Amino acid sequence: MAEATWPGERLIVAAQRGDVESISALVSGSHPHVRRFARTLCATPEDAEDAAQEALIILYRKIGTLRATGALASWMFRIVRNECLRRARLTLRHPPPAVPSAYEAERPAASSAEEEVLRRLEADRVAAAIAALPADQRNVLIMRDIQGLSGRMVAGALGLSVAAMKSRLHRARAAVQRTLESTSWGGDDD
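Residues numbered from 1 in each chain as written. Predicted model: local features only at pLDDT ≥ 70, side-chain atom pairs only at ≥ 80, totals over all residues. Heavy atoms only, no water.

Caption draft 1: Seen up close, the side chain of Arg138. In this fold, Arg138 is placed in helix α7 (residues 135-146). Of the side chains with opposite charge, Asp136 comes closest to the buried, unpaired Arg138, at an N-O distance of 8.0 Å. There is a polar contact of 2.7 Å between the side chain of Arg138 and the backbone oxygen of Leu133. The residues contacting Arg138, other than those within four sequence positions of it, are Arg89, Ile130, Ala131 and Leu133. (Helix = DSSP H or I, 4+ residues; strand = E, 2+ residues; numbered from the N terminus. Buried < 20%, exposed > 50% of the residue type's maximum accessible area, 1.4 Å probe, protein only. Lys, Arg positive; Asp, Glu negative; His and termini not counted. Salt bridge = Lys/Arg side-chain N within 4 Å of Asp/Glu carboxyl O. Polar contact = N/O pair within 3.5 Å; in protein donor to acceptor, adjacent residues only side chain to side chain. Contact = heavy atoms within 4.5 Å.)

Written as structure tokens, this is what we have:
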């Protein structure tokens, strides 16, 4: 099966002029591309679907602001990337309840409420350390270490060379480690 192409310039121009059928065709024609990119960039299939839908809504609402018709694909990819990053930040701030792995399901429950609180505090410390990073480092760290994307994928999505992506990732990891070490739990103060 041949890969579908992005909608053509005539359709984009007609949509920019407000032609309702052209706008509908433009959104429909862009959907497979936007969805595929969101699937590769977002952390979960649900986030990918939501990011793709958000990108298509923005396309529908703001097609008139697109300056160059040839820039549709890069414009849509930036919208999807930003939406995936926004969703990843939200997940860091408000992580979903953890689903226990098969190993954890076999283990006895935490021996105390204190252990559970300590685990949550540690997760909060890590999330705070990541949130404190400069945006360029945080984006690379989230995409590479949290979302598990390949180095090439991260570099391409952020418009960086692979070497620049690796450098930012190294600085981000080192900064998180320094933050966690400087805020490590002290000994027993009882």
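So much for the structure itself; the text now carries on.
Caption draft 2: The arrangement of the pattern of salt bridges in detail. Summed over all chains, the structure comprises five salt bridges. Between Asp50 and Arg87 there is a salt bridge, and its shortest N-O distance comes to 3.6 Å. Taken together, the positions of Asp50 in helix α3 (residues 45-62) and Arg87 in helix α4 (residues 72-93) put the pair 37 residues apart, joining distant regions of the chain. A salt bridge links Arg168 to Asp136; the shortest N-O distance between them is 3.6 Å. Taken together, the positions of Arg168 in helix α9 (residues 162-182) and Asp136 in helix α7 put the pair 32 residues apart, joining distant regions of the chain. Residue Asp136 is classed as partly exposed on the basis of its relative accessible area, which comes to 30%. Here the residues in one salt-bridge network are Asp50, Glu83, Arg86 and Arg87, joined through shared partners.

Caption draft 3: Region of the structure containing the packing of α7 against helix α8 (residues 151-158). At a minimum axis distance of 9 Å, the contact between α7 and α8 shows a crossing angle of 145°. Handedness of the α7/α8 crossing: right-handed. Between α7 and α8, the contacting residues are Asn139, Val140, Met143 and Arg144 on the first element and Gly151, Val154, Ala157 and Leu158 on the second. (Axes fitted to C-alpha atoms, helices over the stretch in contact; angles between N-to-C directions. Left-handed = near helix turned anticlockwise from the far one by under 90°.)

Caption draft 4: Broad picture of the environment of His170. Mapping His170 onto the fold places it in helix α9. For His170, a relative accessible area of 56% gives the class exposed.

Caption draft 5: Main features of the packing of aromatic side chains. In total, this model carries one aromatic pair according to the counting rule given. Plain terms: the ring middles of Phe37 and Phe77 are 4.4 Å apart, the flat faces sit at 40° to each other, and that makes the pair tilted. Taken together, the residues span a long stretch of sequence, with Phe37 in helix α2 (residues 20-41) and Phe77 in helix α4 at a distance of 40 residues. Assessed through its relative accessible area of 15%, Phe37 is described here as buried. (Phe/Tyr/Trp six-rings, centres within 6.5 Å; stacked < 30°, edge-to-face > 60°.)

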